[in-house]
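Each chain, written out:
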Amino acid sequence: MTIHARRLFQWTRARAEAFWADPQRVDAGGLIDSYRASATAPSRQAVVTVLSLLSPIGVVLAVGCHCGPLLTAIRAHPDLERTTYYGIDLNPAAIAAAK
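This write-up is about the structure you can find in this document. Here the residue numbers are simple positions, counted from 1 along each chain's written sequence. Only residues with pLDDT of 70 or above have their local features reported here, since the model is predicted, and side-chain atom pairs are shown and tallied only from 80 upward, although totals for entire chains, interfaces and linings are computed over all residues. Computation of side-chain values: all heavy atoms of the structure, hydrogens and water removed.

1. Description of the nonpolar core
This is how the line gets drawn: Definition of nonpolar core: a set of buried residues of the types Ala, Val, Leu, Ile, Met, Phe, Trp, Tyr and Cys, connected through side-chain atoms within 4.5 Å. Relative accessible area decides the class of each residue, using a 1.4 Å probe on protein chains only: under 20% of the type maximum gives buried, over 50% gives exposed, and in between gives partly exposed. Helix numbering and strand numbering both begin at the N terminus, where a helix is a DSSP run of H or I of at least 4 residues and a strand a DSSP run of E of at least 2. Only heavy atoms matter for contacts: two residues are in contact if any of them lie within 4.5 Å across the pair.
Among the nonpolar cores identified, the biggest contains 10 residues, and these are Val48, Leu51, Ile57, Val60, Ala62, Cys65, Leu71, Ala73, Ile74 and Leu80. If you list the elements that add at least two residues to this core, you get α4 (42-53), β1 (59-63) and α5 (69-76). If we ignore the near neighbours within four places in the chain, the residues touching Ala62 are Leu71, Tyr86, Gly87 and Ile88.

Next up, the structure:
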């Protein structure tokens, strides 16, 4: 990684962490509830359909998963019941809501 890319990554990460550290932004306007409800969104269902066609899949890692609507959709699909899934996110409230 070049020095410029490393600095950009550090700057971006610091900005994201500062953004999610603000309690007024963490769940402004029911953001977590709206994300949770998006598990049935067509875009998420399309990903689940592709994953089911590739089944069996051992592990799925969702980066930037928020509260896990994609993982919820994966868990609900019968062809993916043996799939282990993990999610990571910078938003501590979203992580807590996903647990």
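Once you've had a look at it, read on.
2. Focus: the pairing of strand β2 (residues 84-88)
Spelled out, the test is: Two strands make a pair as long as DSSP finds a minimum of two bridges between them. When the strands point away from the viewer and the connection leading from the first strand across the helix to the second strand turns clockwise, the crossover is called right-handed.
Two elements, β1 and β2, share five bridges in a ladder whose sense is parallel. Bridged to Val59 within β2 is Thr84. As for the winding sense of the linkage, the β-α-β connection from β1 through α5 to β2 is right-handed.

3. Some words on α4
The condition that has to hold: Each helix should span, by expectation, one fewer than its residue count multiplied by 1.5 Å. This arc is built from the directions going out from the helix axis to the C-beta atoms.
For α4, which comprises 12 residues, the first-to-last C-alpha distance of 16 Å matches the rise-based estimate of 16 Å (1.5 Å per residue) to within 8%. Within the span of α4, buried status applies to Val48, Leu51 and Ser52. Summarising the axial view, the buried residues of α4 lie within an arc of 100°, below the 170-degree limit, and thus occupy one face. α4 presents Pro42, Ser43 and Leu53 as exposed residues on the side facing more than 90 degrees away from its buried surface. Residues of α4 that are buried sit in contact with β1 and α5.

4. Points about the side chain of Ser52
Along the chain, Ser52 falls in helix α4. If sequence neighbours within four positions are ignored, Ser52 has contacts with His77, Asp79 and Leu80.

5. What to know about the packing of α4 against α5
Our working rule: Between N-to-C directions, angles cover 0 to 180 degrees, with each direction set by a line fitted to C-alpha atoms, over the stretch in contact for helices. Oblique is the label for any angle not under 35 degrees, not over 145, and not in the 65 to 115 range, which are roughly parallel, roughly antiparallel and roughly perpendicular in turn. Less than a right angle of anticlockwise turn of the near helix away from the far helix marks a crossing as left-handed, whereas a clockwise turn marks it as right-handed. Residues are grouped as follows: Ala, Val, Leu, Ile, Met, Phe, Trp, Tyr, Cys and Pro are nonpolar; Asp, Glu, Lys and Arg are charged; all remaining types, including Gly, are polar.
Between α4 and α5, whose axes approach to 9 Å, the crossing angle comes to 45°. With respect to α5, the element α4 is oriented oblique. Pair α4 / α5 crosses with right-handed handedness. Along its contact with α4, which presents Arg44, Gln45, Val47, Val48 and Leu51, the element α5 presents Pro69, Leu70, Ala73 and Ile74. Per-class residue counts for the contact of α4 with α5 are seven nonpolar, one polar and one charged.

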